[in-house]
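# Coordinate inspection notes
Here is what each chain is made of, one letter per residue.
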Amino acid sequence: MSNKMWGGRFAAGPDAIMEEINASIEFDRHLYREDIAASKAHAAMLAKQGIITREDAGKIAHGLDTILSEIEGGKFEFKRALEDIHMNVESRLADLIGPAAGRLHTARSRNDQVATDFRLWMRAMIDAIDATLAGYQRALAEKALAHAGTVMPGFTHLQTAQPVTFGHHLLAYVEMAGRDRGRFADARKRLNESPLGAAALAGTSFPLDRDMTAKALGFDRPAANSLDAVSDRDFAMETLGAASIASIHLSRLAEEIVIWTSPLTGLVRLSDKFTTGSSIMPQKRNPDAAELVRAKTGRIVGASHALLMVMKGLPLAYAKDMQEDKQGAMDALSALALSVAAMTGMVHDMQPDAARMKKAAGEGYATATDLADWLVRTLKLPFREAHHITGRIVAKAADAGVMLHRLPLAVMREIEPRITDAVFAVLTVDRSVKSRTSYGGTAPKNVRAQARKWLRKLAKEHK
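First, a word on scope: everything that follows refers to the structure included in this document.

Calculation notes
Residues numbered from 1 in each chain as written. Predicted model: local features only at pLDDT ≥ 70, side-chain atom pairs only at ≥ 80, totals over all residues. Heavy atoms only, no water. Helix = DSSP H or I, 4+ residues; strand = E, 2+ residues; numbered from the N terminus. Rg over C-alpha atoms; globule rule 2.2 N^0.38 Å. Buried < 20%, exposed > 50% of the residue type's maximum accessible area, 1.4 Å probe, protein only. Contact = heavy atoms within 4.5 Å. Areas by Shrake-Rupley, 256 points an atom, 1.4 Å probe, with all protein chains shown as cover. Lys, Arg positive; Asp, Glu negative; His and termini not counted. Charge placed at Lys NZ, Arg CZ, Asp CG, Glu CD. Patch = residues over 30% accessible without salt bridge, like charges linked within 9 Å, V, L, I, M, F, W, Y side chains within 5 Å. Salt bridge = Lys/Arg side-chain N within 4 Å of Asp/Glu carboxyl O. Axes fitted to C-alpha atoms, helices over the stretch in contact; angles between N-to-C directions. Parallel < 35°, antiparallel > 145°, perpendicular 65-115°, else oblique. Left-handed = near helix turned anticlockwise from the far one by under 90°. Nonpolar A, V, L, I, M, F, W, Y, C, P; charged D, E, K, R; others polar. Pairing = 2+ DSSP bridges. Polar contact = N/O pair within 3.5 Å; in protein donor to acceptor, adjacent residues only side chain to side chain.

Right, let's get into the overall build of the protein chain. Along the protein chain, the regular secondary structure elements total 18 helices and 6 strands. For the protein chain, whose C-alpha radius of gyration is 30 Å, the value lies well above the compact-globule estimate of 23 Å for 463 residues. Within the span of the protein chain, comprising 463 residues, buried residues form 49% of the whole. Sequence separation of at least 24 residues holds for 75% of the intrachain contacts in the protein chain that already meet a minimum separation of 6. Accessible surface, the protein chain: about 22,300 Å² in total, of which carbon and sulfur atoms supply 55%. Treating the 62 positive side-chain charges of the protein chain as one cloud and the 54 negative ones as another, the clouds have centres 8 Å apart.

This brings us to a nonpolar patch on the surface. On the surface, Leu201, Leu227 and Leu316 cluster together into a nonpolar patch covering about 260 Å² of accessible area. Among the structural elements, leucine 201 can be located in the loop between strand 3 (193-194) and helix 8 (210-216).

As a further point, take the packing of helix 10 (residues 234-261) against helix 11 (residues 288-311). Running from N to C, helix 10 and helix 11 point in directions that differ by 160°, and their axes come no closer than 8 Å. When the axis of helix 10 is compared with that of helix 11, the two are roughly antiparallel. Taken as a pair, helix 10 and helix 11 cross one another with a handedness that is left-handed. The class makeup of the residues in the contact of helix 10 with helix 11 is 17 nonpolar, 6 polar and 3 charged.

Walk down a regular strand and you will see the side chains alternate between the two sheet faces. Pairing analysis gives 6 bridges linking strand 1 (residues 151-156) to strand 2 (residues 159-165), with the strands arranged antiparallel. The residue of strand 2 that forms the bridge with threonine 156 is glutamine 159. Between strand 1 and the antiparallel strand that follows it, strand 2, lie 2 residues; histidine 157 among them carries a positive phi value of about 60°.

Within the secondary structure, asparagine 192 sits in the loop between helix 7 (166-191) and strand 3. Polar side-chain contacts of asparagine 192 include one of 2.8 Å to the side chain of arginine 123. Contact partners of asparagine 192, with chain neighbours within four places excluded, come to Arg123, Gly218, Phe219, Asp220 and Arg221.

Quick look at the structure:
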């Protein structure tokens, strides 16, 4: 038996394997809201233009509302034999309103239909992810404000570098999330053109009002080229690119949480809300939420790469390859939204061990740069010479097994006789972070100002 939606040319139905590879209803069923909204906009436009009667348009709109209620109420039967969400909706519409349902597909194709639906879905996901990222930023900024003066070691190469504050460290991730939101916003702007009315690839001879459907669906304008409208998936690739970068940023903080919560460092503690135990080792407290966020990055980046590979060799216009655009994207953006929510929860939950952080900040001669800077400021030495002198002093401290601020002045003077006891004022971790007052620096007053600035900005956005 041929498919009733396109059986005029075909005398027999597809092979079972063909049906299996061709069906997409398992994942594009998630486009039902967008498909119904676009169909209602299309039917209203057809009636306004006199292409179908207002009576038929009314029946179509009522039938589509019924289908929406059925799907949301769990009463709709999705049929694999009908391939996709579009045919499933249209088939049910025919059951409900009869021949008038056949007029809905006038002057459109599944090519412009799916491109429209997918853009609408992607736009909604961008908006949802943006809101979750804003909440994540807020959690980070609040925690940063609370710990603007909590000293911790700053690292390069995962080696102790200079003291920073925990608040300053968290604000770095606020900045990353701000750029992530900017990338999603840029993708949304370019996404927001309507393919509806481009039909299969060449447009249509019917007198459509594409501006009307674009406006009804919240698009800025109709897409200007019918070939591009049905074959473009830039919007999906760009959004997945933004998602990949965002997930990598989340993964970096997740990795830090794994390190910080290890007993080897013990800088941060997570509660039972975001940790799990072991089936055999009763003492274990595993940072599984952070580890899973870290792992989901692979799925998100993988989906981006997969779609790039799908699109790389496709001539214009539509090809069935593009059916592979949705499943990975849907999985990736859902994974990202979940990851952001998990990270937001962990940021609220995690509690730093301030004493242990401060102790760790003083290890590894983290104030060596402060000593070099003091030599430059006070003794007017060239920085390279000051760097060399400081290195020799650090070696002396290491040999003696003491921190820099515990090294006797007499030992320092053996290397540079002009050093005075004033140098000790810059060698503690507290003095070090307070001195970093340059714009963007880790001084607690800077951190408080930046955290409050972000919180004001986020509160203004929320209004």
